[in-house]
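# Geometric and topological summary
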Amino acid sequence: MAKDTKASHLEDGTGRARPLLHQHAREIQPFGKIVKLPIALDEKVCAASAENLNQILADTIALRDLYKKHHWQVSGPTFYQLHLLFDKHYSEQAELVDALAERVQTLGGVAIAMAPDVAETTIIPRAPRGGEAVPDQITRLLRAHEAILVEARSMAHQAQEAGDDGTNDLLVSDIIRTNEKQVWFVSQHLVPMALQTKE
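Report on the accompanying structure. (Residues numbered from 1 in each chain as written. Predicted model: local features only at pLDDT ≥ 70, side-chain atom pairs only at ≥ 80, totals over all residues. Heavy atoms only, no water.)

Turning our eyes to something else, we now look at the overall build of the protein. Within the protein one finds 6 helices and 0 strands. Counting helices and strands in the order they occur from the N terminus, the protein gives α-α-α-α-α-α. In terms of overall dimensions, the protein is more spread out than a globule: its C-alpha atoms have a radius of gyration of 23 Å, far above the 16 Å expected for 199 residues. Counting only residues that meet the buried cut, the protein has 36% of its 199 residues in that class. When the accessible surface of the protein is totalled, it reaches about 13,100 Å², and 56% of it is carbon and sulfur. One way to put it: in the protein the 21 positive side-chain charges average out to a point 5 Å from where the 27 negative ones average out. (Helix = DSSP H or I, 4+ residues; strand = E, 2+ residues; numbered from the N terminus. Rg over C-alpha atoms; globule rule 2.2 N^0.38 Å. Buried < 20%, exposed > 50% of the residue type's maximum accessible area, 1.4 Å probe, protein only. Areas by Shrake-Rupley, 256 points an atom, 1.4 Å probe, with all protein chains shown as cover. Lys, Arg positive; Asp, Glu negative; His and termini not counted. Charge placed at Lys NZ, Arg CZ, Asp CG, Glu CD.)

Below you can see the structure in the form of structure tokens.
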């Protein structure tokens, strides 16, 4: 009589390497709650910063994805330049997403991550599914950047007042500076300048 499979795995030693499939348990930390870590910041400060950063995180995810949408859908005579620029900015925003999420976790919070949660949280207006003309794409991007910059400046000030230097540094050195520079690059594509002027 053959031994059952489970027993044979235990006997041959492969049972320890066997994946425990179909796991399901309760959340280990609810969203919006802080697990106090020894980072020399008051729990209330951590909670306030994590809440602020999750808002910026949701908006940055929305902006990142807007850049990828425009990267795919851009058309017209500046296609190649904008196709590359939009993808570059997408990558830079992706780095900001990671930095923001890791800061939320460092503060003892839970970083917002899933698309439905981002859609419920972001203040960035949803773009249409279809393609838009380049001026409309750029205008949409600039409005999203400005919304993020407004909240980032306010939140950086709040973090500074609370003594949360790490959050303040992230917002000023990374979020604000990156978004400002991207605004400069993108906005120049709306300058109404002819390629050649008549004498």
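Moving on, we come to the nonpolar core. Grouped together as the largest cluster of nonpolar side chains are 44 residues, with contacts concentrated most on L57, L171 and I175. Contributions of two or more residues to this core are made by helix 2 (43-73), helix 3 (79-106), helix 5 (134-162) and helix 6 (165-187). Here the element with the most residues in this core is helix 2; it accounts for 12 residues. (Core = buried A, V, L, I, M, F, W, Y, C linked by side-chain atoms within 4.5 Å.)

Below, the discussion takes up the environment of Q73. By the element assignment, Q73 lies in helix 2. Accessibility expressed as a relative area gives 28% for Q73, which makes it partly exposed. Residues Q73 and Q160, 87 residues apart in the sequence, show an inter-C-alpha distance of 40 Å. The residues touching Q73, leaving out its near neighbours within four places in the chain, are R129, G130, G131 and Q137. In terms of polar contacts, Q73 uses its side chain to reach the side chain of K69, at 2.7 Å. (Contact = heavy atoms within 4.5 Å. Polar contact = N/O pair within 3.5 Å; in protein donor to acceptor, adjacent residues only side chain to side chain.)

On to the packing of aromatic side chains, then. Evaluated as defined, the whole model comprises 2 aromatic pairs. Its guanidinium or amino end placed over the ring of F185, K88 lies 6.0 Å from that ring's centre, counting from NZ or CZ. (Phe/Tyr/Trp six-rings, centres within 6.5 Å; stacked < 30°, edge-to-face > 60°. Lys NZ or Arg CZ within 6 Å of the ring centre and 35° of its normal.)

So, on to the pattern of salt bridges. What the rule picks out here adds up to 6 salt bridges. The closest approach of N and O atoms between R64 and D65, which form a salt bridge, is 2.8 Å. Under the relative-accessibility criterion, R64 is labelled buried at 18%. E180 is paired through a salt bridge with R153; the nearest N and O atoms lie 2.8 Å apart. Of this pair, E180 sits in helix 6 while R153 sits in helix 5; the two residues are 27 residues apart in sequence, bridging distant segments of the chain. Judged by relative accessible area, which is 43%, R153 ranks as partly exposed. (Salt bridge = Lys/Arg side-chain N within 4 Å of Asp/Glu carboxyl O.)

This paragraph deals with unusual backbone geometry. One non-glycine residue, H22, lies in the positive phi region at around 65 degrees. Tracing the backbone through its elements, the reader meets H22 in the loop between helix 1 (5-12) and helix 2. Positioned with a positive phi, A40 is a non-glycine residue whose angle comes to about 60 degrees. Of note, A40 is situated in the loop between helix 1 and helix 2.

Of note, D164 is situated in the loop between helix 5 and helix 6. A distance of 2.7 Å separates the side chain of D164 from the side chain of R103, its partner in a polar contact. Leave out the neighbours within four places in its chain, and D164 touches L41, V45, S49, R103, L107 and A159.

Relative placement of two packed helices is described by the angle separating their axes and the distance separating the axes. Running from N to C, helix 2 and helix 3 cross one another at 160 degrees; their axes reach a closest spacing of 8 Å. Relative to helix 3, the element helix 2 is oriented roughly antiparallel. Judged by the sense of rotation from one axis to the other, the crossing of helix 2 with helix 3 is left-handed. Within the contact of helix 2 with helix 3, the residues separate by chemical class into 15 nonpolar, 7 polar and 5 charged. (Axes fitted to C-alpha atoms, helices over the stretch in contact; angles between N-to-C directions. Parallel < 35°, antiparallel > 145°, perpendicular 65-115°, else oblique. Left-handed = near helix turned anticlockwise from the far one by under 90°. Nonpolar A, V, L, I, M, F, W, Y, C, P; charged D, E, K, R; others polar.)

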